[in-house]
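Next come the chains, spelled out residue by residue.
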Amino acid sequence: MELDGLFPLQPGGVGTTATSDGPSAGFAAPSADSPLPVRMRPASIDELVGQKHLLAPGAPLRQLVTGATPMSVILWGPPGTGKTTIAHLVAAATDRKFVAMSALSAGVKDVRAVIETARRQRRAGGPPTVLFIDEVHRFSKTQQDSLLAAVEDRTVTLLAATTENPYFSVISPLLSRCVLLTLQSLDTDAVRTLIRRAVADPRGLGGAVTLAAEAEEHLVRLAGGDVRKALTALEAAASSAAAQGVAEIDLATAEKAVDIAAVRYDRDGDAHYDVTSAFIKSMRGSDPDAALHWLARMLVAGEDARFIARRIVIFASEDVGMADPQALQVATAAAQAVQQVGLPEAQLNLAQAVVHLATAPKSNSVTTALGAAMADVRAGRGGAVPAHLRDSHYPGSRGLGHGKGYRYPHDDPRGVVTQQYAPDDLVGADYYHPSDHGAERAVVDRLPRLRRIVRGTAARGADPVARDRGAVGHGSGVGTPVGPSAEGGTARSTVGSLPGAASGPDGPAPEDAARISGPPGATGPGSVVEPGSVVEPGSVVEPGSVVAPDGKVAPDGKVAPDGKVEPGSAVEQDRTDRDRAGQDDGGAETAEKGQP
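Residues numbered from 1 in each chain as written. Predicted model: local features only at pLDDT ≥ 70, side-chain atom pairs only at ≥ 80, totals over all residues. Heavy atoms only, no water.

**Here's the deal with the overall build of the chain**
Part 1: Across its full length, the chain carries 22 helices and 12 strands.
Part 2: Within the span of the chain, comprising 596 residues, buried residues form 44% of the whole.
Part 3: Looking at the chain alone, contacts between residues at least 24 apart form 67% of all its contacts between residues at least 6 apart.
Part 4: In the structure as shown, the chain presents an accessible area of about 29100 Å², 54% of it carried by carbon and sulfur atoms. (Helix = DSSP H or I, 4+ residues; strand = E, 2+ residues; numbered from the N terminus. Buried < 20%, exposed > 50% of the residue type's maximum accessible area, 1.4 Å probe, protein only. Contact = heavy atoms within 4.5 Å. Areas by Shrake-Rupley, 256 points an atom, 1.4 Å probe, with all protein chains shown as cover.)

Quick look at the structure:
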């Protein structure tokens, strides 16, 4: 059986007990024509470079190698970080029987045969068995299940290696019976140390060639922390130098040996999800440079461009949303370009979309609004569809009361009417809370006005066009009632900020405008707002005050866009339960606090 395509799994090593149970026995000693990475495997744990976090005195890895404590271990790490090397060290450094197999070719029958042999030898007083399984993530659930009992009672000590996340690729019962050791990619200093050792060590090149500093740096950089790749490239460069009759490996020779860096990426494993996560978070964090790097890494590694396009489209709504409505169009256009144009040209379309999304203003208000609405649905909130909203196009629906009382918004000059749209138990529920980022800032001003009209808390006489043009500011008190309160008398009402009104936060009043007499911010009892007068922002109409020349509240009254009370006009309001209690929607509170 071949492991990694580099070395046979045959008996060998000091203190290793050979077996004749087939090809899944121990490791054979490397021959002179073995690949350089195989010949340069450390002979002892002290030669192991990197993984310092696992080599401290008393650490599980050191105990495993020395045989001090029998424990089953799963080694998890990227290629070229030393997983198979550790297995060799275990095989050579203990007096236990060592059996190695690869999940690529072994099956349940092979596993059970090894376990049965180990059980018989243990009963006969023989040495314990260490079972090494490379690429254990390729074992099916059934194959992994076959190991449980033997690992549980230590019939075998399991040493498994995987490049995939064991939390996803190894069954939980097996994972709970093992110690998980995570191996990290080697840093540049560790890779450089191993390259220099291979150049000088008799097991390696034995000083037959020298390595120029530029060539060494090239090999280290393109290895990407994979020692096997670095040593394989070094061996190829040394062979090229020997063929040319030169004793030094220069940069040109090294570049011929390896010209593409090792990219840590796999389309189904951890690297896929980690790089994708970094890509999304870089766009969310408004860093176009980092986002382009992660995009480039996915493209160079051969990631499906359609997957990248889908993530971009999702991001446009999830993290940009209403702050830049154009973002979704840009993202979908890039996805369409991927379908119609294809790679490599569509890389440009993806890059343009990534830059647009990374530099766009961000808002997740749509995401949180949908989440809140779905939470209510899952919690059982939301009754029947109101009768006036039900489908009424089929015969007999009218007899059921469907559609009765429905008001068609387009029949109203404002394009919006007072009407219940939510189920009875969700009336007044606010899911969408716009941010003040980018284009969504305009929604911050418009949404409260729409909610007041739809829910029937806005003044019927108020001009919606004037409001949408900015005649009524966000949170203004226009439209609050003037009439009897629940306690009797007249409820106070605030006429809020109107652009063009008398001097206040929204600008100076017209020079010919008459001001309301009385204390600042209020009209005294009996005061009359005369035609052409301008209402000061934040002014409070006190009980007994008269609005409009005739002092009546008429249905056709309105506040003009310039903030003036027109001759003969009056203000009419609906009275809600809150209004009858003498409360206001914010304007009265502002005036009572004495703010202008």
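Still more ground to cover, so stick around.
**Some remarks on a negative patch on the surface**
Part 1: Judged by side-chain charge, Glu214, Glu248, Asp250 and Glu255 come together as a negatively charged surface patch.
Part 2: Structurally, the position occupied by Glu255 is in helix H12 (residues 251–257). (Patch = residues over 30% accessible without salt bridge, like charges linked within 9 Å, V, L, I, M, F, W, Y side chains within 5 Å. Salt bridge = Lys/Arg side-chain N within 4 Å of Asp/Glu carboxyl O. Lys, Arg positive; Asp, Glu negative; His and termini not counted. Charge placed at Lys NZ, Arg CZ, Asp CG, Glu CD.)

**Remarks on the sheet that holds strand S7 (residues 179–182)**
Part 1: Within the open sheet, the five strands sit side by side as S4-S5-S6-S3-S7. Their pairing is parallel. Looking along the sheet, the strands with just one partner apiece sit at the ends: strand S4 (97–102) and S7. When the angles between neighbouring strand axes are averaged without regard to direction, this sheet yields 15°.
Part 2: Two elements, strand S3 (residues 73–76) and strand S6 (residues 156–162), share four bridges in a ladder whose sense is parallel. The residue bridging Ile74 from the neighbouring strand is Ala160, located in S6.
Part 3: Against the sheet, helix H4 (residues 108–123) makes contact with S4, strand S5 (129–134) and S6, and its axis sits at roughly 175° relative to S4, the strand it touches most. (Pairing = 2+ DSSP bridges. Axes fitted to C-alpha atoms, helices over the stretch in contact; angles between N-to-C directions.)

**Comments concerning the nonpolar core**
Part 1: Ranked by size, the top nonpolar core spans 30 residues in total, and within it Val191, Ile195, Leu211, Leu219, Leu231, Leu234 and Ile249 carry the most contacts.
Part 2: Contributing elements (two or more residues each) for this core: helix H9 (188–200), helix H10 (213–223) and helix H11 (227–244).
Part 3: In this structure, Ala346, Leu350, Ala353 and Val354 belong to the second largest nonpolar core, which totals 27 residues. (Core = buried A, V, L, I, M, F, W, Y, C linked by side-chain atoms within 4.5 Å.)

**Some details on the environment of Ile312**
Part 1: Within the element layout of this structure, Ile312 appears in helix H15 (residues 305–320).
Part 2: Taking relative accessible area as the criterion, Ile312 reaches 0% and is therefore assigned buried.
Part 3: Sequence spacing of Ile312 and Ala335 is 23 residues, and the spatial spacing of their C-alpha atoms is 8.2 Å.
Part 4: Contact partners of Ile312, with chain neighbours within four places excluded, come to Phe279, Ala331, Leu350, Ala353, Val354 and Leu357.

**Regarding helix H19 (residues 440–454)**
Part 1: Spanning 15 residues, H19 covers 20 Å between terminal C-alpha atoms, matching the ideal 21 Å at 1.5 Å per step.
Part 2: Maximal helix bending in H19 amounts to about 30°, located at Arg446; proline Pro448 follows within four positions. (Expected span 1.5 Å × (residues − 1). Bend = angle between axes of the 7 residues up to and from the residue.)

**Quick notes on the pattern of salt bridges**
Part 1: For the structure on display, the rule yields 16 salt bridges.
Part 2: With its nearest N and O atoms 2.8 Å apart, the salt bridge here joins Arg284 to Asp319. In this pair, Arg284 is assigned in helix H13 (residues 270–284) and Asp319 in helix H15, connecting sequence segments 35 residues apart.
Part 3: Overall, the relative accessible area of 36% leaves Arg284 in the partly exposed class.
Part 4: Between Asp430 and Arg451 there is a salt bridge whose closest N-O contact spans 3.8 Å.

Nothing here speaks to function; it is all geometry.
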